Amino acid sequence: QVQLVESGGGMVQAGGSLRLSCAASGRTFSRYGMGWFRQTPGKEREFVAGISTSGGSTHYTDSVKGRFIISRDNAKNTMYLQMNSLKSEDTAIYYCAATTVAITSSSRNYNYWGQGTQVTVSS
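Our subject in this report is the structure included herewith. Owing to the predicted nature of the structure, the values given are computational and were not obtained by experimental measurement. (Residues numbered from 1 in each chain as written. Predicted model: local features only at pLDDT ≥ 70, side-chain atom pairs only at ≥ 80, totals over all residues. Heavy atoms only, no water.)

With respect to the environment of I51
Residue position: I51 is located in strand β5 (residues 46-51). Residue I51 is classed as buried on the basis of its relative accessible area, which comes to 1%. Separated by 43 residues in the primary sequence, I51 and G8 have C-alpha atoms spaced 19 Å apart. Residue contacts for I51: discarding those within four places in its chain leaves G33, M34, S57, T58, I70, S71, R72, M79 and I103. (Helix = DSSP H or I, 4+ residues; strand = E, 2+ residues; numbered from the N terminus. Buried < 20%, exposed > 50% of the residue type's maximum accessible area, 1.4 Å probe, protein only. Contact = heavy atoms within 4.5 Å.)

Set out below in structure tokens:
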């Protein structure tokens, strides 16, 4: 089992940057594929980015390609999401999640979730 805690959210102007962190408990972090999702009121949770257990493989939703970078440090049990060139449509609650399967964009395949961190981009 793994517990996840996000941090780094906040308010930023359009065009700015933020870096989210996801700290995991336990000694098995490196066994989990990891992902970032986001959600706005009234909408389903949306896949943003995923990363393999080693960090060697990543996947992004089209709307963030070229702007966001997902990474992980297994020695620190931490995953990151560097968000650049932020847009107002990036405003959402961002969640990190862990999966026991390969990188997947389906939220149903993720076993563990953090509590979320709010990102607000003002135009």
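Next, the rest of the story.
Looking at the sheet that holds strand β1 (residues 4-7)
A sheet is described by the order of its strands in space; here four strands give the open sequence β1-β3-β8-β7, paired in antiparallel fashion. In this open sheet, the two edge strands, each paired with only one partner strand, are β1 and β7 (68-73). Each strand of the sheet is rotated relative to its neighbour by a mean of 15°, with strand direction disregarded. (Pairing = 2+ DSSP bridges. Axes fitted to C-alpha atoms, helices over the stretch in contact; angles between N-to-C directions.)

Digging into the side chain of N77
One can find N77 in the loop between β7 and β8 (78-83). In this structure N77 comes out as buried when scored by relative accessible area, which is 18%. With residues up to four places along the chain from it excluded, the contact list for N77 reads C22, A23, A24, S25, G26 and F29.

Description of the environment of F29
Assignment of secondary structure puts F29 in the loop between β3 (18-24) and β4 (33-39). Owing to a relative accessible area of 0%, F29 belongs among the buried residues under this scheme. Each C-alpha atom of the pair F29 and P41 lies 30 Å from the other, and the pair is 12 residues apart in sequence. If near-sequence neighbours (up to four positions away) are discounted, F29 is found in contact with A24, M34, R72, D73, N74, N77, T78 and M79.

Some details on the pattern of salt bridges
Counted by the stated rule, this structure contains four salt bridges. For E46, the salt bridge is made with R38, and the minimal N-O distance between the two is 2.8 Å. Assessed through its relative accessible area of 32%, E46 is described here as partly exposed. Within this structure, R38, E46, R67 and D90 form a network of salt bridges that share partners. (Salt bridge = Lys/Arg side-chain N within 4 Å of Asp/Glu carboxyl O.)

Here we look at the packing of aromatic side chains
Counting across every chain of the model gives five aromatic pairs. Taken together, a centroid distance of 5.8 Å and an interplanar angle of 85° make the contact between Y32 and Y112 edge-to-face. Taken as a pair, Y32 in the loop between β3 and β4 and Y112 in strand β10 (residues 112-113) lie far apart in primary sequence, 80 residues in all. Under the relative-accessibility criterion, Y32 is labelled buried at 9%. Overall, Y112 belongs to the partly exposed group, its relative accessible area being 23%. With 6.0 Å between their ring centres and 55° between their planes, Y110 and W113 make a pair best called tilted. One aromatic cluster is present, built from ring pairs that chain together F37, F47, Y110 and W113. Geometry around Y95 places R45 over its ring, the cationic atom sitting 3.8 Å from the centre. The ring of W113 is capped by R45, whose NZ or CZ atom sits 4.7 Å from the centre of that ring. (Phe/Tyr/Trp six-rings, centres within 6.5 Å; stacked < 30°, edge-to-face > 60°. Lys NZ or Arg CZ within 6 Å of the ring centre and 35° of its normal.)

These results come straight from atomic positions and should not be treated as a statement about function.
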